[in-house]
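# Summary of structural features
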Amino acid sequence: MKISTWNVNSIRARIDNIKIYLKNSSPDIALLQEIKTEEHNYPFDELKKLGYISYVNGQKSYNGVSILSKKKLKNINTKLPGDKIKQSRLISAKIKIANKDVEIINVYVPNGNPINTDKYSYKINWINLFINEIEKKLKNDELLIVAGDFNIIPEEIDVYDSKKYLNDALFKLEIRKKYRTLVNLGLQDVFRHFNTDEGHYTFWDYMRGSWQKNNGLRIDHVLVSNNLIDLIKKIEIKKNIRNQKKPSDHVPVEFVIN
């Protein structure tokens with residue numbers, strides 16, 4: 001089973017690129033973030049023609065997540081308990097892997113910039129709520145795949161120049177510790193399980209020639225519960241997608257699970 005995660009930066013603006021990617025790569029499940037649309041404007045029919053059923057947690061102009069699947073999914077959830085602001089940042093479903101129920105959770109974590117604002121406070125609160133939910137699930141021995149745009153740079157090797165991001169909400173030590181807390185609950189960062197070297201990024205800003213200079217960040221992640229890691233065969237950052245016409249500033253991350 002091939003699963004991908006991709007912040008598309010507006011599904012309607014990027015629909016042609018998305019269709020090209022789905023035709024060429026044909027993931028069984030695709031987790032999309034920052035779709036920036038409500039359900040009534042979502043391109044259900046165009047994606048259905050490619051063989052995908054869409055499950056959507058949309059929001060006008062901002063945020064929004066969806067799951068594309070070749071097969072029907074069950075137990076769809078769009079709520080993060082305790083989140084009073086209720087931005088569209090999470091959608092989950094149950095899938096079958098090795099004849100076992102696995103919950104796949106698609107997240108778009110708040111950016112949090114600028115720091116010392118309500119946006120940063122919201123990011124901290126959202127992550128804390130999410131950690132609480134994942135902890136409950138892992139204590140119940142649930143099998144989990146958590147993937148999406150985390151807006152977190154975990155380590156210095158995950159950014160082209162870590163000094164430039166010391167006071168950025170993506171790299172502040174407090175945020176990185178939250179990520180480590182999440183992983184330490186019983187999850188594996190799949191990319192780092194297979195790759196330990198630097199220079200692998202999933203995001204390049206539109207400004208300042210970031211793509212051409214490879215001034216990137218690794219902020220899109222795939223985490224799986226410890227009891228699933230041995231089923232992962234490979235993971236790949238589809239870097240060349242950034243060369244598309246009118247690209248997203250993120251690229252897909254694909255992994256294959258037995």
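Refer to the structure presented above.
In what follows, the accompanying structure is described. Note that the coordinates shown come from a computational prediction; the quantities given were computed from them, not determined experimentally.

## Observations concerning the packing of helix α3 (residues 118–139) against helix α4 (residues 173–184)
Pairs of packed helices are described in terms of their axes, by the angle between the two and the distance that separates them. Across the interface, α3 lies against α4 with an axial gap of 10 Å and an inter-helix angle of 10 degrees. Classified by the angle between their axes, α3 and α4 sit roughly parallel to one another. On the side of α3, the interface is formed by Tyr120, Lys123, Ile124, Ile127, Asn128, Phe130, Ile131 and Ile134, while α4 contributes Glu174, Ile175, Lys178, Thr181 and Leu182. Tallied by class, residues from the contact of α3 with α4 come to 8 nonpolar, 2 polar and 3 charged.

## Remarks on the environment of valine 159
Assignment of secondary structure puts valine 159 in the loop between β8 (143–149) and α4. Counting along the chain gives 64 residues from valine 159 to isoleucine 95, while the straight-line C-alpha distance between them is 33 Å. Each residue touching valine 159, except ones within four places of it in the same chain, is listed here: Ile153, Tyr165, Tyr201, Gly216 and Leu217.

## Structural notes on the pattern of salt bridges
Taken as a whole and judged by the stated rule, the model has 13 salt bridges. Residue aspartate 101 pairs with lysine 96 through a salt bridge whose shortest N-O separation is 3.4 Å. The exposure class of aspartate 101 is partly exposed, given its relative accessible area of 37%. Where glutamate 133 meets lysine 136, a salt bridge forms, and the shortest distance between an N and an O atom there is 3.3 Å. Of this pair, glutamate 133 and lysine 136 are both found in helix α3, 3 residues apart, which corresponds to roughly one turn of the helix. One salt-bridge network, held together by shared partners, links Asp158, Asp189, Arg192 and Arg218.

Cut-off values and rules
- Residues numbered from 1 in each chain as written.
- Predicted model: local features only at pLDDT ≥ 70, side-chain atom pairs only at ≥ 80, totals over all residues.
- Heavy atoms only, no water.
- Axes fitted to C-alpha atoms, helices over the stretch in contact; angles between N-to-C directions.
- Helix = DSSP H or I, 4+ residues; strand = E, 2+ residues; numbered from the N terminus.
- Parallel < 35°, antiparallel > 145°, perpendicular 65-115°, else oblique.
- Contact = heavy atoms within 4.5 Å.
- Nonpolar A, V, L, I, M, F, W, Y, C, P; charged D, E, K, R; others polar.
- Salt bridge = Lys/Arg side-chain N within 4 Å of Asp/Glu carboxyl O.
- Buried < 20%, exposed > 50% of the residue type's maximum accessible area, 1.4 Å probe, protein only.

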